[in-house]
Amino acid sequence: MWISSRFFVIFLLLHLDTTCSEPFEAHLRGPGFVMEPPGRVEFSNSSGGWLDCSASGSPQPTVDWVHADGSAVTEIHGVRRVLRNGTLVLMPFAAAAYHQDVHNTIYRCIASNSVGRIVSRDVQVRAVVAQAYKVDVEVLSASRGCTAILRCVVPTFVKELVRVVSWVHEPAIYIYPSLQGDGKFHLLPTGELLIHNLQESDESQSFRCRSMHRLTRQVVVSSPTRLRINSHRGIISPSVVEHTAHVQVSQDEGAVLLCVAQGCPSPEYSWFTHNGAGPLPVLSGPRVRLLGPILAIEAVTGEDSGVYKCTAGNVGGEASAELRLTVATPIQVEISPNVLSVHMGGTAEFRCLVTSNGSPVGMQNILWYKDGRQLPSSGRVEDTLVVPRVSRENRGMYQCVVRRPEGDTFQATAELQLGDAPPVLLYSFIEQTLQPGPAVSLKCSAAGNPTPQISWTLDGFPLPSNGRFMIGQYITVHGDVISHVNISHVMVEDGGEYACNAENRAGRVQHAARLNIYGLPYIRLIPKVTAVSGETLNLKCPVAGYPIEEIHWERGGRELPDDIRQRVQPDGSLTISPVQKNSDSGVYTCWARNKQGHSARRSGEVTVIVPPSIEPFAFQEGLAEGMRTRTVCGVSRGDPPLKLIWLKDGDPLPDLLGANVTMLDQYSSLLSIPSLSATHSGEYTCVAKNPAAEIKYTALLQVKVPPRWIVEPVDANVERNRHIMLHCQAQGVPTPSIVWKKATGSKSGEYEEVRERPFTKLLGNGSLLLQHVKEDREGFYLCQANNGIGTGIGKVIQLKVNSSPYFSSTSRSVMVKKGDTALLQCAVSGDKPINIVWMRSGKNTLNPSTNYKISVKQEATPDGVSAELQIRTVDATDSGPYFCRASNLYGNDQQLVQLQVQEPPLPPSVLEAAMISSRSVNIKWQPKTLGTGDVTKYLVEFHEADRSLPPALFVEQWQQIEVKDPPHFNALIENLKPATRYAFRVIAEGSAGRSAPSQELIVRTEPQRPAGPPLSLSARPLSSTELLISWVAPLPELRHGDIQGYNVGYKLSSSGNTAYNFTSVSGDYDGGNGELLLSGLAKFARYTVVVQAFNQVGPGPLSEPTAAQTMEDVPSRPPEDVRCAALSSQSLQVSWQPPPIYHTNGLLQGYKLIFEPIIDDIQPSKDEVESRKTTALTMVLTGLRKYTNYSIQVLAHTRMGDGVVSKPLFCHSEEDVPEAPADIKVVSSSSQSLYISWLPPTEPNGVITKFSLYTRVVNGREELNNEKRSLPSQQAYYEAKGLHPHMEYQFWVTASTRVGEGKSSRVSSQITTNRVPARIISFGGPVVRPWRSTVTLPCTAVGKPKREWFKADVALRQGGMHNSQLLDSGDLIISSLQLADGGNYSCQVDNGIGTDRLTHTLMVQVPPTAPVLYVTSATSSSILMHWKCDFTGNAPITGYTLFYRRTNGNAEEMQLSRHASSHELKGLVCGSTYQIHLSAQNKVGTSPTSTMLHVRTQGQSPGHPASTALLAPNSTSLLVRLHSWPDNGCPLLYFVLQYKAVTEDPDAEWVLVSNALKPQRRIVVNNLKPSTLYQLRMEAHNVAGISQADFSFVTLTKDGDPPPPEIVHRGHRGQTTVIFANMNLLIPSIAAVSGLFCTIIMVIVCYRHKQANHIQKESLENRANSEAAQRERYYATIHKVSMQNNDKIPETSEDISPYATFQLSEAGGNMSQPHHGGPANTLLHSFMYHERALAEGCSSPPPAASKNRRRHSRKTEPESEESESDQDQLTSSRTESSNQHEGKIKHSIIYHGAQSSTSSDLSPMSEQKSLPRRGRSRYHHQQYQFSTNTTPRHHNSNKMNNNTTSNTNTTATNTTATPSTSSNSNKILSPRGGNLKSISSTFKSQDSIQCHIPTLVKSPSISTQQQKQFHKQQQLQGSSTNPQHSSTSNSNSSSLKQQQPLLITPKLHQLDGSSPGCQELMGLDGIGNGHSPLVACMPPSSQFRPIPHKSIMPAHEPPHHHTTHQQPHPHQQQLQQQSTLLNPSTAMLSSKFFTAPTLPK
């Protein structure tokens, strides 16, 4: 079944093979468009539309339509149809049936056949639904004699579909579009109607517009419209009222450029073109018409494109407009080559040629398509498409599509054909050996071009024709041929050699293989073979059967070969070469035999035929028409039957040829032609055929034919600017060439050859195309045809150019005096006869017979006619336009001649200033009457209008300038003085003389921009990013106005940029000096700075540039390419490259190398971070740890300090031999064995590879044996067995690395014994484990002892510890380790013979405790903090995390180095509160965060300036010096300024000047009244708050004199009233006075009380301050905040800065009274208290850089404007700031420190944070005030002096203290160390200690209820009170004058003895009993610590143990959460008084 169905398929494929063979011979041609659809089709819904598309090709292409997306266009019933001829029909439809995807879309036409496929251009189809519309007329009226414009207004929805076809001049005169018009009316192609030379009579006429819808052809007419003539007076200068800005036309169309101007007199027009280097006038010519306001160009070309300018001028002035003409030239697209044949594997290249008018077009947007699909751009090179490695898939149709920007597309088509390729076998069958019976299939596949044919043979003969053989063949989609031979039931006779032969016209290929069928030999029938003589005969024996032993050939009974030409091949075939007819014809016998002897024979006949051979023949040379010729074709040899035939040009001879063929015999044929003609020329072929071969021979017959006309040229006429084709075609043999010539003169003169050039085309058929024919083309033309036969032919024709009349210019002007004769002339060119008619105003024909004043003359010229019109005795009525109209048979034209009659001039009028500048005035005027007089020039006179001179002198001072012909009605008077009054007048001068002067015009010149630059420009650096620029105003005589400001320009001197970056600075109106702080500059960069002044006019010249360089800074980038290499075990070599040059920020001084070992020690005994400096780029580090990983960082440093450190680079030193093992033990384990154990080396210096155990046997002093044994590195024990008893054995161990063997351990000896004492073989020592883990403490012993474990001498039992376990092996396992599990663990063994003990020191690593964070200083933008970590958790600190956030801001965090112990937060907001806390990390975890600090940066709300410094009134203005307003440390943001006049009306409104006035030096308030009292209200805003103040001022009088005294006095009274009427000022004032009075009383009482106890207090203080305490602590000034390595630390009180301040304020108050809970401000002191030693790992210098990570930061920093002030104002600002604080009375304390507002001792940090800026109050130390809810504190009434030499005694004098009314016991607090005798060590009994807190604190609020609870708690404890307390407390009476204020930093701490700093307070009540009282105590990291009196500590007080992990009392815990760490600050701001609770009794 399978076989039969398969054969059926093969049969069908075999049937299809006939179709596959057709392309083998047929000629194919790809599709090409015959009619391509247009790019845009529009139609109406009522008419429908159709798109034609047809194509040609072979086979005939099919035409289809697709959408833009490639989807097929289908038919829609009643809407869309596709006809069979390819036309797409869009049927008419109703408006409701509109479909956008059908009626407004893009279609494409596709033509395709078997060769390929092409696609047309995009066809944009748009259907328009017909709608009714109306048209209106818009009239652009004009004055008399001018041009009016009538425009047809079409609705926008149909505007692009409607065009104006004509205008109707009522009643029935139609005006049609034209390029020239008729002189009066001119309808432009765009639809506008121009009516020239308006007269009053035109107002009565009406016009209508006629429009047509170009799709529906509907005509709509507008309603009639009348003209309107504008009335005017005098002369009106022209103005362009209508012009076409852009005109776009196609080539060869007409273009109209419209430029209508209105003015009187009627303007004259001039046209210019700007297409060249400069403007060129447009001249009238054959194609160009200058028609006044119209420039008409016929038959435009590409050269006409460009910009045109029209100028309209009259006596009143001139106006112009620019117009652009764009000419769209058609382009032609062609692909070269059109058809390209390329062999497979070759390269195809197409080029897209784009031309326009025969010239190449520049770069275009070219797309390539292949078979309708766009190709990718990979194979394109501009306009060339390259197809490499051509395959069958590449053949087809290629298209080049050019798309212009206008949207037009053009395309060309080319075909890529595959060249002939010989067949190639793609698949072939193999040899097979089978048994008879099964089916067999043989397959061959071949490829080639043309598609090859496959034939099959068996042993060289056709296949047997029986039913068992089936042949199938088909062609794949790729063009490959696959052929099958199927044998259904193979038999023995089917065996043999099968061959498949693939053949096409390019070649042939064959494959053969045997099919062997087992069986007896069998030879198939040998058919008769015909051999060709002379060729090779290969005769195959068709033997079947298998196997075959041998094959033989016989002939005539003889076995072959018997000749040298014969050969039997190994496969049994017989080869004869060459074949000879006589010897090789006959019967040949083939026989075959197998091994068994079976054989078969078969004979066949071979016939040899000789092929024919033709004798050469040829035709006679020089045969011409009418002659005879013959030739004979003879066959010299060849066997019959022979056939001879003749062919002409490859085809049989046609009957009409008239040639005779005669067979002379069977071997010869005669061809004769009796009369030759041109048709006989060609190739004649004689063909001789016999069964052997077909032979051809060809000869060429050339009949010479002289040329003769096919199309004979004739005379022609052409209209000018048209095209004409002169035809001339001839034929002949050879083909004649056509040459055109033109006569240079007459018909019989010389002729010049006509060559190809623009507008002259020589076509291939011989025709001559002349485009845009002008008169120069007229003449005689000669067409010659010649082919070398005879003399050739030629004919002369005449070309006449018919020219319509035209003028050289469109208009002329003629001026004559009144009473003279006017001559109006016009010269016209064109074909004669020309008729001339003169017309007046375009419509009235002038006739001498009816007008006696005129006469007309006319005469002929070579080019046309010249005419003249004479008008005698002219007057003003004769002025106006005259038209010379010329006409002939071909058209008409006219010229305008404007006649003007002159009269004497009248004085000008309407004199006015058109332009006023600083040094010139442009005066314009108007003539009094129109067109009267001949004004030759105007005289402009002027002089300074100085009123101090008498009028009689004015005449002598007039200066005069002339305005000559042509008369312009304006004049520019220059070289005037700025800001000066001048008088002007104008006089007209004509032929009759001068007119009277015009009226005078008074003009004041404008100010001018400054003429001089600023002087004394200087620039000095303030920091690495800031330059202070200062300058002096220009000279007064060069200012030319009020200087309003300056432009400061700066640029990098090294940059090549010549432009400056400018910044404007508002200046002083009185021309003062200026300065500017340039910030954000590049570091260590030289800048060039210039300054220019500007006034209300503009900027002046630039000053001479000055240069300045910013200061050096530290490098902002680390060194690059840091590399490290190990040199040895103790040395590393590090190399690097410098930082980028733009980031060095200075001159590099060298590099610092920072390195440290990475060691996981428990607690490093020392900080191993080292640093070394060098100036080289490499360094060798020596003396390092062996085999240790080092962290290496490099930084570059300049003179300013260290730069950014590089990322850590880790480098490992090399291995070395190890040190000795740490320890060794040898114990006796039995009588004959010893157990040796050892510890590895503490410094292995590498990877231990093995241990070497040395054994030595010693008998007395004699060494008996020495042995070495190697043990693996993991083994640390060995048991030596089989030893001799009672012998001494000595052992020692060495360790080895790959470098070598190290040192040996100590020698340990042991004597073997029978008694084995208990010994421990394990080693003890420190054991470090992290918490929550498990540890095993080994205790391996010998002697089978009894073990006991102890912890700190306390025996451990099984189950005694909940987390411990004792193993049978003796090991102790402790799980879930906690810190309490640490300690000494001892294991003791005993067996009665001996005992041993081992101790393990267990250290548990836990997270560190919270760091102690304290703030040491704060500035306006930074906070400096230090910290200390008390307990690191038995593990090194790995880093710190600093958390901070601004109040109501986002939290931010920063990672800090583990070596850091301080950090400065920078870039903070001024006067803001920040919450700060810190956490530490070690390898185990992160500590709790420290107590949160609330710190406030420096700065307050703005202060109040003095009125005299702020205000400077004038007569009508007020100068406000904004820079005098103090900012109190925070930059000012803006001002709110308003004022009002002080009148009797209480409801007078405020006048707002500005509610957002930026800070600037000065501002002027204008529009004030003289001698008026005003009230000014101002608000100053900064980040910290708002300050408001009211001021009163009185303006000066009009003359600038002081105001009357009564107004001044009223201002003083009013000011007082205003102040006291303001409750905001009254209440604080009363409170301040009351508080001051109370403070004075309290100071006196306190002074008397403390004076009595002064002596005893001093003695107690001296005993308390011991020398040991003096060494523990030290004082330092703020100058030592960031101490470097070499900075000196002050050791004694003499080293303290004399400006350091100490103050302790005391005040009584109720403890229950709540404190002010809001944020307090910071105080920066110049005093710091430092701790001598910090904990390990916390005392390193601050890191060079820290990593800052901000989280969700949305913080905004308000930008502060730079204020400016003079240097002398600095002191005044300081003083004013202090005075304002003192005078401002609120519920607050105003504190003045020792360094008050006059201090100039700025700390380095303050200098760094507050860079000097002039005029900023941050230059001075401000006194800050703070609101509080407690009772009023002390107020220091002593005024601070302005000197800075005040010492501590002065400070003490200024310090007051008030005793408290409470009687509670005192706690004595004192700084330790120093010989400050004046510092009191005791305080009086009080409820609270008021500490002078320099940094922002959050005061803990202690309620009365809490205090009572603590009192009750102390009573229940029953602890005894030291009796010395009361006596001590009563002795606190030291002199106040000798006291120095003490800085106390209180914090509520748990006093349990765990803090060393608090142990000295154990003598106080409640301490030491496990409870923690409320006490103000600082931990050891605090800078200030309370020191008790000696007598407080009892002698019997025992030492306290650490109780760190005990839980605090609940009350104490609550208070700890409320407490806040308080720290000193380092800058001078006012303090906050803090109340700390004392210890309860």
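Analysis parameters
Residues numbered from 1 in each chain as written. Predicted model: local features only at pLDDT ≥ 70, side-chain atom pairs only at ≥ 80, totals over all residues. Heavy atoms only, no water. Helix = DSSP H or I, 4+ residues; strand = E, 2+ residues; numbered from the N terminus. Contact = heavy atoms within 4.5 Å. Salt bridge = Lys/Arg side-chain N within 4 Å of Asp/Glu carboxyl O. Buried < 20%, exposed > 50% of the residue type's maximum accessible area, 1.4 Å probe, protein only. Core = buried A, V, L, I, M, F, W, Y, C linked by side-chain atoms within 4.5 Å. Pairing = 2+ DSSP bridges. Axes fitted to C-alpha atoms, helices over the stretch in contact; angles between N-to-C directions. Disulfide = S-S within 2.5 Å. Phe/Tyr/Trp six-rings, centres within 6.5 Å; stacked < 30°, edge-to-face > 60°. Lys NZ or Arg CZ within 6 Å of the ring centre and 35° of its normal.

> Give a detailed account of the overall build of the chain, specifying residues and quantitative values.
The helix and strand inventory of the chain stands at 16 helices and 148 strands. Partitioning the intrachain contacts of the chain with sequence separation of at least 6 by distance along the chain shows that 69% fall at a separation of at least 24.

> Pulling in residues and values, what's your account of the pattern of salt bridges?
Per the counting criterion, the structure on display carries 50 salt bridges. Note that lysine 1083 is salt-bridged to aspartate 1113, the shortest N-O span being 3.3 Å. You can see lysine 1083 sitting in the loop between strand 99 (1074-1078) and strand 100 (1086-1094) and its partner aspartate 1113 sitting in the loop between strand 101 (1106-1109) and strand 102 (1120-1128), a full 30 residues away along the chain. Take lysine 1083: its relative accessible area is 30%, and that puts it in the partly exposed class. Under the relative-accessibility criterion, aspartate 1113 is labelled buried at 19%.

> Outline the nonpolar core, listing residues and values.
The biggest cluster of nonpolar side chains holds 25 residues, and the ones touching the most others in it are Leu150, Trp167, Leu193, Ile195, Leu198, Phe207 and Leu227. For this core, the elements supplying multiple residues, two or more each, are strand 13 (148-153), strand 14 (162-169), strand 16 (185-187), strand 17 (193-195) and strand 18 (206-213). Once residues within four sequence positions are removed from consideration, leucine 193 is found in contact with Ala148, Ile149, Leu150, Trp167, Ile175, Phe185, His186, Leu187 and Phe207.

> Account for the sheet that holds strand 103 (residues 1131-1137), naming residues and giving values.
Spatial strand order, 102-103-106: three strands in an open sheet with antiparallel pairing. One side of each edge strand has no neighbouring strand; the edge strands of this open sheet are strand 102 and strand 106 (1178-1181). Averaged over all adjacent pairs, the angle separating strand axes in this sheet is 15°, with direction ignored. Pairing between strand 103 and strand 106: four bridges, direction antiparallel. Within the sheet, the bridge partner assigned to leucine 1132 lies in strand 106 and is leucine 1181.

> Can you explain the state of the cysteines? Please cite residues and give values.
Summed over the entire model, instances satisfying the criterion amount to twelve disulfides. Two residues, cysteine 53 and cysteine 109, share a disulfide whose sulfurs are 1.9 Å apart. Because the torsion about its S-S bond is -80°, the bridge between cysteine 53 and cysteine 109 counts as left-handed. Of this pair, cysteine 53 sits in the loop between strand 3 (49-51) and strand 4 (54-58) while cysteine 109 sits in strand 8 (residues 104-112), placing them 56 residues apart in sequence. Given a relative accessible area of 2%, cysteine 53 falls into the buried group. The class for cysteine 109 is buried, based on a relative accessible area of 0%. Through a disulfide, cysteine 728 is tied to cysteine 783; the S-S separation comes to 1.6 Å.

> Residues and numbers for the packing of aromatic side chains, please.
Scanning the model with the defined rule gives 28 aromatic pairs in all. Through a chain of ring-to-ring contacts, the aromatic side chains of Phe617, Trp646 and Tyr697 assemble into a single cluster. Looking at arginine 1332, its charged tip hangs above the ring of tryptophan 1331, at a distance of 3.9 Å from the centre.

> Outline the pairing of strand 2 (residues 40-44), listing residues and values.
In terms of residue burial, strand 2 counts as a mostly covered element, since four of its five residues are buried. Direction of pairing for strand 2 relative to strand 10 (residues 123-128): parallel, over a ladder of five bridges. Bridge assignment links serine 44 to a residue of strand 10, and that residue is valine 128.

> Let's hear about unusual backbone geometry: which residues, and what values?
Residues serine 336 and proline 337 are joined by a peptide bond in cis, for which omega reads -5°. Tracing the backbone shows proline 337 in the loop between strand 31 (332-336) and strand 32 (339-342). Residue proline 561 follows leucine 560 across a cis peptide bond; omega there is 5°. Its location among the elements puts proline 561 in the loop between strand 55 (558-559) and strand 56 (566-568).

> Which residues make up the sheet that holds strand 6 (residues 80-82), and what values do they have?
On the basis of which strands lie adjacent, the open sheet formed by three strands has the order 3-7-6 and antiparallel pairing. Two strands in the sheet have a free side with no partner beyond their single neighbour: strand 3 and strand 6. If you compare each strand with its neighbour and ignore which way they point, the axes differ by 15° on average.

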